[in-house]
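# Descriptive structure summary
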Amino acid sequence: MKTDPQLEWQREDGSALMAAAVAACILGIMVTGFLAWVTNEYRLTQRSNSWTQSLFLAEAGLEVGCAELNYPYLQGSPAFLTGDGWSTAGAGAYQKTITGFTDSNGKTVGDFSVLVSGLNGSNPTIQGVGTATQSQGPSTSRAVQIWLKQRSSFPYALAAKEQINMNGGAYVDSFDSSDSTKSTGSAYDPTKQQANAIVASISTSPALQLSTIYGTASTTASGGLSLSGSIGPTLDPLLRATSVAGAEIQGWVTHNLNLTIPDVTLPSGLSSAYNLGAISSAQTISAGDWQADRIYCNTSILITGHVRLYVKGDFTTTAQGYLQISPGASLEIYIGGNVTVAGGGVINESGLAANNQWYGLTTSTDWNVSGGAQWLGTVYAPEASVKFTGTSDIFGAFVANDFTLSGAAGFHYDEALKNSVGGSQGYSVVTWQELRYVAGGWTQ
C-alpha cells in the first residue's frame, strides 16, 4: 500500500509546528520568569538603596545640628535663628526641616528633619529623621539620635604643637580634685600621688625633652623624645622605664598621636562687654563679662563671683602685684597680648584649677610665669611660647605652642580637668543609637 507523499509532509509539518509551539511556550514562561526576577531584583535594589539613603539623610540632619551647636551656638553668636529655618520646640529645644534635598547631580534624594534638645543640660541630644523618596513604591524613613558632651580642653597634662622642655629636676605627676582617694580637700596630696599624666606633642621633630613623668608620653609617627629621668604609669621605681626604648616596649611612649589643637575664638559676648580701660591700680572685678585694654598689676586685682574677662593687650603683674580669685569665685580670661606673671602671681583661693582658666588668642605669643607663688589653674594658649620658671609647683594643665618648665617645680595634672569644659572646644558624640517608629513616634 502506498502512502500519499502529501499526507506524509503534512504530518511532519504539523509535528514541527507543535514542537515550535511548545518551545515558544517554554521560552515565554522562561522570559516571563526572568522578567519577573529582574523586576523583583530591581525593586529590592531600589528598596535597599532607599533604606540606605534614608539613613544618610538622618545623619545629614545630625550634621546640621552639630554644626549649629559647635558654631555659632558655642561661640556665643546668635544661633537657631528663624531666618535659617529653625523653630522652637520647647525649652532648650529647636527643630528644622529640609525638603527636596538633592545629590551632587541635582537628583532629589528626599527630606530630613533635625531636633536639637537638652541645651539647658550638660548632654544635649540631636535627633535626625531621614525620608528617602522613590519614583515607585512607598518612601522609607529612618531616625538616629546622638548624645553629646562638650570636649575638654585638657585631656593631657601638657600638650604642645612644638617642643616641651623639662630641666632642673622638674617632674610631672597627677591627682584628682574630684576624688577624695586621690586628693585631700580637692587639693594635691603627695601621699595620694597618681601616675596618670600624659605629655604630648604634635611636632614632627624630636620635640619632647623630658625628665621624670609619672604617666606616659605620646608623639606623632615622625616625632621623637629624650628622657633624662624615668617614665611610666606606676609609682614603683623598680617598674619604671629609664630609657626611651624601654618605655616604648612597655607602651608608655607611643608614636601614633592623632591630635588637633585649635586656636581660641573669643566668645561673642565678650566682644561687646563693658570696657574697664587700662587697669594699673587696685581693682575689684565682680561677676559678669568685662573688657580691659591692658592690665599692669602692681598692687592687687580681686576677682569676686564668676568673671569672664577679655584683655585686649598685655597682662603683667610686678614684684608687688598679684591677682586674687576669692573663695567661691572663678575667672575665665582671654588674652590678646603677652603675659608676664611675677611676684605674688595669681592666687586662686577657690581651690580648683578649673576656676582659673587662661586662654591665649592668636595674637598672644609669649607667656612668662615666674616667682614664688604656686600656680593653680589652666593655660590654653596654642600660639604662645610658655615659660615657667621657679621652684613653686603647678597644679592644673597647659596647652601651648611650646612649653619650657625649669627649676625643681612639680607639675601636678588635675585629672578632673578631663571632664571640665571651657573656651571654645566643641561637642563630640558620646553615644549613637538608631530609633524605632512606634505608635506614631520615634523611640529608643
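For the structure itself, look to the data block above.
Heads up: these notes are all about the structure in this document.

Here is what the cut-offs are and how they apply
Residues numbered from 1 in each chain as written. Predicted model: local features only at pLDDT ≥ 70, side-chain atom pairs only at ≥ 80, totals over all residues. Heavy atoms only, no water. Helix = DSSP H or I, 4+ residues; strand = E, 2+ residues; numbered from the N terminus. Rg over C-alpha atoms; globule rule 2.2 N^0.38 Å. Buried < 20%, exposed > 50% of the residue type's maximum accessible area, 1.4 Å probe, protein only. Areas by Shrake-Rupley, 256 points an atom, 1.4 Å probe, with all protein chains shown as cover. Lys, Arg positive; Asp, Glu negative; His and termini not counted. Charge placed at Lys NZ, Arg CZ, Asp CG, Glu CD. 1 Å grid on protein atoms, 1.4 Å probe; cavity = no way out; pocket = protein on both sides within 12 Å on 5 of 7 lines; lining within 4 Å. Points joined across faces, edges and corners; volume = space filled by probe spheres on them. Pairing = 2+ DSSP bridges. Core = buried A, V, L, I, M, F, W, Y, C linked by side-chain atoms within 4.5 Å. Contact = heavy atoms within 4.5 Å. Salt bridge = Lys/Arg side-chain N within 4 Å of Asp/Glu carboxyl O. Phe/Tyr/Trp six-rings, centres within 6.5 Å; stacked < 30°, edge-to-face > 60°. Lys NZ or Arg CZ within 6 Å of the ring centre and 35° of its normal.

### Some thoughts on the overall build of the chain
The helix and strand inventory of the chain stands at 3 helices and 34 strands. Over its C-alpha atoms the chain spans a radius of gyration of 34 Å, topping by over 25% the 22 Å that the globule rule assigns to 444 residues. Its C-alpha atoms put the chain at 140 × 55 × 40 Å along the principal axes. Here the chain, with 444 residues, has 45% of them falling under the buried criterion. Looking at the chain as shown, the accessible area adds up to about 21,000 Å², and 54% of this sits on carbon and sulfur atoms. Side chains of the chain give 19 positive and 31 negative charges; the mean places of these two sets differ by 6 Å.

### Digging into empty space enclosed by the protein
It is a probe the size of a water molecule, rolled over the atoms, that shows where empty space is left. The final tally for this structure, using the stated rule, is 1 cavity of 30 Å³ or more. What lines the largest cavity is simply Val341, Gly343, Gly344, Gly345, Val346, Val369, Ser370, Ala373, Gln374 and Trp375.

### Points about the pairing of strand β10 (residues 206-210)
Direction of pairing for strand β7 (residues 164-166) relative to β10: parallel, over a ladder of 2 bridges. Opposite Ile164, over in β10, you have Leu208 as the bridge partner. Across 4 bridges, the pairing between β10 and strand β12 (residues 224-227) is parallel. Note on β12: the bridge partner recorded for Leu210 is Leu227.

### Focus on unusual backbone geometry
With phi around 75 degrees, Ser186 is a residue other than glycine that occupies positive phi space. Relative to the helices and strands, Ser186 resides in the loop between β8 (171-175) and β9 (197-201). Look at Ala439: it is not a glycine, yet its phi comes out positive at around 50 degrees. Within the element layout of this structure, Ala439 appears in the loop between β33 (436-438) and β34 (441-443). Ala439 gets classed as exposed once you look at its relative accessible area, which sits at 83%.

### What to know about the nonpolar core
Membership of the largest hydrophobic core comes to 80 residues, with the highest contact counts inside it found for Leu309, Trp358 and Phe398. Setting aside anything within four residues of it in sequence, one finds Phe398 in contact with Ala157, Leu158, Ala159, Trp375, Gly377, Val379, Val386, Phe388, Phe403 and Phe411. If you look at the next biggest cluster of nonpolar residues, it comprises 17 residues, including Cys66, Phe80, Leu119 and Tyr427.

### Description of the pattern of salt bridges
For the structure on display, the rule yields 5 salt bridges. Among the ionic pairs, Glu434 bridges to Arg142, the shortest N-O distance being 2.8 Å. Of the two residues, Glu434 is situated in strand β32 (residues 427-434) and Arg142 in strand β5 (residues 140-150); the sequence distance between them amounts to 292 residues. Of the residues examined, Arg142 reaches a relative accessible area of 9% and is grouped as buried.

### Describing the packing of aromatic side chains
Applying the stated rule across the entire model yields 21 aromatic pairs. Aromatic side chains Phe80 and Tyr94 sit 4.6 Å apart centroid to centroid with 5 degrees between the ring planes, which places their arrangement in the stacked category. Residue Phe80 is located in the loop between α1 (5-70) and β1 (87-88), and its partner Tyr94 is located in strand β2 (residues 94-102); the two are separated by 14 residues in the primary sequence. On the basis of relative accessible area, Tyr94 is assigned to the partly exposed category, the value being 24%. Ring pairing ties together the aromatic residues Phe315, Trp358, Trp367, Trp375, Phe388, Phe398, Phe403 and Phe411, which thus form one cluster. One residue, Arg240, lies across the ring of Tyr214, its end atom 4.1 Å from the ring centre.

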